[in-house]
Amino acid sequence: MEIPISDLATRLDEALGAARAGEDVVLTEGGLPVAKIGPVESASLLARLAEEGVIAVPASERAVPRLPQAEAAKDALSSLLGRLRR
């Protein structure tokens, strides 16, 4: 796909959609190619690995939430170790 640089502002969504789909978008000025927008290889690699089941995408920002009991136990252990070091 080719897009004149003068049209890029109005066609940016179209250009990014094409790049997401794996297509290279050539930006032209006066009919001559000057730049290229294309897909990021690492993003497609991660998506492919997730589809193949090689990696798992976390369900949320932190897959395993910290439990209040675990925090309390950690604090108790730190306190005990501090007293033993005295």
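Because the structure is predicted, anything quoted here is derived from the model rather than measured.

A. Structural detail: the pairing of strand β3 (residues 32-37). Of the pairings in the sheet, the one linking strand β2 (residues 25-29) to β3 comprises five bridges and is antiparallel in character. For E29, the partnering residue across the bridge sits in β3 and is L32. Hairpin remark: β2 followed by β3, antiparallel, with two residues in the connecting loop; positive phi at G30, about 65°.

B. Representation of the nonpolar core. Listed in full, the seven residues of the largest apolar core are I3, A15, A18, A19, V25, L27 and I37. Looking at this core, the elements that each hand over two or more residues are α1 (8-20) and β2. Other than its neighbours up to four places away in sequence, I37 contacts L8, A19, E23, D24, V25 and L27.

C. Quick peek at the environment of E14. Within the element layout of this structure, E14 appears in helix α1. Among the residues examined, E14 registers a relative accessible area of 37% and is labelled partly exposed. Residues E14 and V25, eleven residues apart in the sequence, show an inter-C-alpha distance of 9.7 Å.

D. Representation of the pattern of salt bridges in the model. Within the structure shown, the criterion is met by two salt bridges. Across the pair E14 and R11 runs a salt bridge, and its minimum N-O distance is 2.9 Å. With a gap of three residues between them, E14 and R11 both fall in helix α1, about one helical turn apart. Residue E52 pairs with R48 through a salt bridge whose shortest N-O separation is 3.3 Å. Under the relative-accessibility criterion, E52 is labelled exposed at 51%. Of the residues examined, R48 reaches a relative accessible area of 43% and is grouped as partly exposed.

E. Examining the pairing of β2 more closely. Pairing between strand β1 (residues 2-4) and β2: three bridges, direction parallel. Note that in β2 the partner of E2 across the bridge is V26. Following the chain from β1 across α1 to the adjacent parallel β2, one finds a crossover that is right-handed.

F. Up close: the sheet that holds β1. Overall, mixed pairing links the three strands, which are arranged β1-β2-β3 in an open sheet. The open sheet has two edge strands, β1 and β3, and neither has a second partner. Neighbour to neighbour, the strand axes of the sheet diverge by 35° on average, direction disregarded.

Calculation notes
Residues numbered from 1 in each chain as written. Predicted model: local features only at pLDDT ≥ 70, side-chain atom pairs only at ≥ 80, totals over all residues. Heavy atoms only, no water. Pairing = 2+ DSSP bridges. Helix = DSSP H or I, 4+ residues; strand = E, 2+ residues; numbered from the N terminus. Core = buried A, V, L, I, M, F, W, Y, C linked by side-chain atoms within 4.5 Å. Buried < 20%, exposed > 50% of the residue type's maximum accessible area, 1.4 Å probe, protein only. Contact = heavy atoms within 4.5 Å. Salt bridge = Lys/Arg side-chain N within 4 Å of Asp/Glu carboxyl O. Right-handed = clockwise from strand over helix to strand, strands pointing away. Axes fitted to C-alpha atoms, helices over the stretch in contact; angles between N-to-C directions.

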